[in-house]
Structures are given as structure tokens and as C-alpha cells.
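If you want the building blocks of each chain, they are given just below.
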Amino acid sequence: MSVQIFLQGKFTGVEGFVTAGVSPESEPAESVLTGRCRWISLLSDVLPRAILAELGLAKILLGWSGGGGFFLVVPEENLAAAEEILKAAAAEAAAKSGNRVRLVWGWTENLGDWITVRKRLTESLFMALNTAAAPGSDFFEPHAAAESNEDAAAFAELAAALPDAKIAGWDPAAPATVALGAGKHQWPIGQGDDAISVMRHTAPKAEGPGSATASEMAAQAEGRHGWGVLRADVDGFAARLRRVQSVEDYVQISLLYRQFFAGELELLCAMRGYWQRVTVLYSGGDDFAVYGAWDALLELGREMQRLFQRFAEANLHELPGPEGKTISMALELAGEEETLPAVYERAGKGLEAAKTAGHDCVRLFGAAIEWRQMQHTGQLKDILLRMVREFGCSPQILSELGGFYRDKPVESARPDRPWRYHRRLGLMLGEHKDRELLRLQKALITDIVGKSPTHVKLRPVGRVAVEWAWRLLEA
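On a predicted model such as this, the values are computed, not experimentally measured, just so you know.

Caption draft 1: Structural context of the sheet that holds strand 3 (residues 69-75). If you trace the four strands from one edge of the open sheet to the other, you get 2-3-1-4, paired in antiparallel fashion. The open sheet has two edge strands with one neighbour each: strand 2 (62-66) and strand 4 (102-109). The average undirected angle you get between the axes of adjacent strands in this sheet is 25 degrees. Examined bridge by bridge, strand 1 (residues 4-12) and strand 4 share eight bridges and lie antiparallel to one another. Pairing of threonine 12 across the sheet is with arginine 102, part of strand 4. Running at roughly 165 degrees to strand 4, helix 3 (residues 79-96) makes contact with strand 1, strand 3 and strand 4 of the sheet.

Now the structure itself:
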């Protein structure tokens, strides 16, 4: 009787590859970065299916795939052939990525309980990730620092062609290449049991064919025209997978998260407020990245967090512990003449900062706050907008308030003289007899610096609200 082999693969070095620089002679950085993200997403879906198809194995042996990894079952007698395909794919992936992307895999027999099997599989994958160079190998020989301009153009072409593609194909002669509409083995792109579900929403141009650039999406933002990158990641997802007690639960939970992100994000991006203003870079098993108009990204992030909370309550309430039940995000806005790879990289660092601050957090405008504080932050933002739009307060008040959060506050609001915060706020708001304005003024002071004139607590929600309102008021 044949022994079942659990085979797990993983693409590493993706972050450095995605944000790597592109020579001036090659395609625009936006198209190349988008193509790189989608190549990894597609390849991690196509490659395990191709292994099963090439070896004549049943489709049901595919556990999960996508998001830079995959898990499948192969009979013991087919393991050597599967590894030959993986070795060829790894070599081509390294060549296409300028030796940045590594495909590693581990395997173990399906013998014993899942806890023991998972431990052996993890150790096998760890060994592949940390294998020392063999004596006499060319491991330390210099390699190309980046892919060629032809490869960069191919990634840009992939980004442009994927939104309208209906078929993803694979050929053994090019095992790390995803051919759209061609190949020895082919699969439909979209929804269905055998289909490849890959996020490919791309904001169209307002006029004419083609996809909108970041600057074109920025022009649609309310208030200050600007764009940014939103990145999200589930808190404790790896720990949640380690706690499952069977391979069936492991596969089911992995698919559950992937289907949630692919389905909900695709549906949201198709709505009127987002479809011309955001472009999805990728959607994985526990994370996603989107870029576009800054205000659309902010609202998209809030809605995705609300939907994920409902998803966790409906599907994960019986699972013990908080792991995998919250999501953290980071929104980074682009500076003048800043490229998408640079902002994407900053968003990744911002996401790490948000996850360091705690679970279920979001980093906005340089401050990390909990998602449960977003409603209050929005209310404070509305107060600031009302004071300017309805009661005629000078918009300069927002600049003054923002000064409280600078590394070197203005002299009139020094941290060692906290009472001056209250006095400065009073001078900025002026003397008004309108009761509603006085109520708003009191609420504003309390939320920004606290009630006590002797102990100042500059709340992060105040900083986010001030920056939020300031960008909405700027034309």
C-alpha cells in the first residue's frame, strides 16, 4: 500500500523582490511591482495544480494554495518526480527574480497523529530554509543583482493582461512561468471548484482603455489629492494553524481565510466608491495589499476590518484563544515624487509597527490606534470639520493642533508646561457664545489633551483625527 506524503512549499524573499528597484529603461515601477505581486500569487496557485496534472494525480489531493505557498498530498512513488518539477521551478523563479525569490519545500509521511506530522513537516521545511551550502558549490559566486529589463517588461505585461484573462496555463518547459490563455495544462480564472481565484481588480482609467495610475487615482481623492498603500495581516494566524488537531481542520481553516479575503475584497472593490479608485496588489491566505486614493483606502480598510470581525464571530467563535481572530493594518501615504515600491515598503514597516503596538490595530498618519477607537476618531474628525465649515473657525487650527504632536512642539505648548495646551486651544478657538460650539470646544480639548490642565495626555486618536480632517479640508 502506498504511503501518503504531505508536501508543503513556500516562496521566500518575496518582499525584497517586490520592492527591488527597476532600471530607468524598463517599464514603470507601478506596473512592474503589480506584476511581481500577481506573478507570485498566480504561481503559488498554478504550480501545485501543475504538479498533480503532470503526474496524473487527482485534483482532490490539493489541500490549499495561494498567498506564496501551497500544501498537497502525493503518493510516495511520485515524490521524486514532484521534486524534479519543484527544482526546475525553483531554478527558473530565481532567474526571473534576480536570485531574490527562493522556492523551498518540505515533506513528511502521513504517519501518526497530526500534531506529530505537522512538527515533522515544519522541521523539514525549516531544514530547507536553512540548508548550508554544499562543499564545492557556486553558492558564494556573484549573481545578477536584478532581473533583466525583458523580465521587468514581462511582469508589466502580466499586470496589464491579468484583469481580462480567463485561462491560466503551465508548461513543463517553463515551470515558473504562468501563461495566460496557453500552456500544456490550463485552468479557468475566477470562481468555481477547479478555478484559480486570484485577486486582479485594477482601477480603470476615467477615460479610455487601460489601468489608472497612482496619480490618476490620487486626483479622485476628496480634499488633498493623494494616494497611498494599505497593507493588512491577520494577527496570530500561524499560531492558529499550530493549534488545529487534524489535517482536515488545517486545510479547512487555511481555505476559509483565503476564501474570505478573495471574496470580500473582490466584492468591495467592485462597488462604486472603490472600483475606479483602488487597485489590488495581492490577496493571500491571511493578508492583502491595495493602493489607490488615500480616502478610499481608509474607508476600504475600515470596512474590511468590520467584515473580518463578523467573519471571526461567525466561523471562529468555537475555537479557543484570540489567535487569528483580529486583523491589523497600516496605511502609508505617498510623498511628492515617491514611487509605489518605496511606499509599499514603508507600509510593510508600518504594519510591523501596528502589530507591535498590539492586536487589532491600525497605523494611520504616523500613529497606531486600536480599531475599536476608529469610531471615536471619526467623531472627533467630524467635530473638527464642523468647527471649520459650520462655525467659521480658521483651518489654521488644524495646523496648530498638529503642532502638539511634533517632536519639537511649538514654544507656546511645551510638554513641561501642560497648562499652556489648554490656554493655547482656548486662544485658537476664540471666544464664542454659541452653546453648540462651546460644547464642541470642550469635547475637542478633552479628546486632544485630556481634562487636567496639569497632566497632559496627547492621545493618538487626536493625532489621527487632526491629520484626517486636515487632508479633507485641503483642496
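Caption draft 2: Geometry of the pattern of salt bridges. In the structure shown here, the tally under the stated rule is 19 salt bridges. Two residues, arginine 277 and aspartate 295, come together in a salt bridge whose shortest N-O distance is 2.6 Å. Separated by 18 residues along the polypeptide, arginine 277 in the loop between helix 8 (247-269) and strand 9 (278-283) and aspartate 295 in helix 9 (residues 294-315) bring together distant segments of the chain. In this structure, arginine 277 and aspartate 295 share a single accessibility class: buried. Residues participating in the shared-partner salt-bridge network are Glu332, Glu338, Arg346 and Arg363.

Caption draft 3: Fine view of the nonpolar core. Core analysis: the biggest nonpolar cluster contains 72 residues, and Phe71, Tyr257, Phe261, Leu265, Phe288, Met304 and Met329 have the highest contact counts within it. Beyond its immediate sequence surroundings of up to four residues, leucine 265 is in contact with Met199, Phe260, Val280, Ser283, Phe288, Val290, Leu300 and Met304. In terms of nonpolar packing, the next biggest core, distinct from the first, is built from 59 residues, Ile51, Phe155, Leu162 and Ala212 among them.

Caption draft 4: Looking closely at the pairing of strand 1. In terms of burial, strand 1 is a largely internal element, seven of the nine residues being buried. Pairing between strand 1 and strand 3: seven bridges, direction antiparallel. Looking across to strand 3, one finds that glycine 9 is bridged to phenylalanine 70.

Caption draft 5: Up close: the packing of helix 2 (residues 29-54) against helix 3. Relative orientation of the contacting elements helix 2 and helix 3 amounts to 155 degrees, with a least axis distance of 10 Å. Taken together, the axes of helix 2 and helix 3 lie roughly antiparallel to each other. Where helix 2 crosses over helix 3, the handedness of that crossing is right-handed. On the side of helix 2, the interface is formed by Trp39, Leu47, Ile51 and Glu54, while helix 3 contributes Ala82, Ile85, Leu86, Ala89, Ala93 and Lys96. Broken down by class, the residue content of the contact of helix 2 with helix 3 amounts to eight nonpolar, no polar and two charged.

Caption draft 6: Spatial organisation of unusual backbone geometry. For asparagine 99, which is not a glycine, the phi torsion comes out positive at approximately 65 degrees. When you line up the elements, asparagine 99 lands in the loop between helix 3 and strand 4. Non-glycine residue aspartate 360 carries a positive phi angle of around 60 degrees. Relative to the helices and strands, aspartate 360 is located in the loop between helix 10 (340-357) and strand 12 (361-364).

Caption draft 7: View of the confidence of the model for the chain. Summary statistics for the chain give a mean pLDDT of 85 and a share of 84% for residues scoring 70 or more. At the level of individual helices and strands, the chain shows its lowest average pLDDT in helix 13 (residues 419-429), which scores 56, and its highest in strand 8 (residues 227-234), which scores 97. Here residues 407-419 scores under 50 on pLDDT; set against residues more than four positions off or in separate chains, the count is 18 contacts.

Caption draft 8: Spatial organisation of the packing of aromatic side chains. This structure, assessed with the given rule, holds 20 aromatic pairs. Seen from their ring centres, tryptophan 39 and phenylalanine 155 are 5.4 Å apart, and the 55 degrees between their planes marks the pair as tilted. Placement of tryptophan 39 in helix 2 and of phenylalanine 155 in helix 5 (residues 149-161) is noted, with a sequence separation of 116 residues between them. For the residue pair tryptophan 39 and phenylalanine 155, the accessibility class agrees, reading buried in each case. Ring geometry for phenylalanine 237 against tyrosine 257: centres 4.8 Å apart, planes inclined by 75 degrees, an arrangement best described as edge-to-face. Of the two residues, phenylalanine 237 sits in helix 7 (residues 237-242) while tyrosine 257 sits in helix 8, which places them 20 residues apart along the sequence. Take phenylalanine 237: its relative accessible area is 11%, and that puts it in the buried class. Tyrosine 257 gets classed as buried once you look at its relative accessible area, which sits at 0%. In textbook terms, an aromatic cluster arises when at least three aromatic residues are bridged by ring pairs, as seen for Phe237, Tyr257, Phe260, Phe261, Phe288, Phe308 and Phe311. Sitting over the face of the ring of phenylalanine 17, arginine 36 holds its NZ or CZ atom 5.0 Å from the ring centroid. It is arginine 231 that lies over the ring of tyrosine 344; its NZ or CZ is 4.0 Å from the centre.

About the thresholds
Residues numbered from 1 in each chain as written. Predicted model: local features only at pLDDT ≥ 70, side-chain atom pairs only at ≥ 80, totals over all residues. Heavy atoms only, no water. Pairing = 2+ DSSP bridges. Helix = DSSP H or I, 4+ residues; strand = E, 2+ residues; numbered from the N terminus. Axes fitted to C-alpha atoms, helices over the stretch in contact; angles between N-to-C directions. Contact = heavy atoms within 4.5 Å. Salt bridge = Lys/Arg side-chain N within 4 Å of Asp/Glu carboxyl O. Buried < 20%, exposed > 50% of the residue type's maximum accessible area, 1.4 Å probe, protein only. Core = buried A, V, L, I, M, F, W, Y, C linked by side-chain atoms within 4.5 Å. Parallel < 35°, antiparallel > 145°, perpendicular 65-115°, else oblique. Left-handed = near helix turned anticlockwise from the far one by under 90°. Nonpolar A, V, L, I, M, F, W, Y, C, P; charged D, E, K, R; others polar. pLDDT = per-residue confidence, 0-100. Phe/Tyr/Trp six-rings, centres within 6.5 Å; stacked < 30°, edge-to-face > 60°. Lys NZ or Arg CZ within 6 Å of the ring centre and 35° of its normal.

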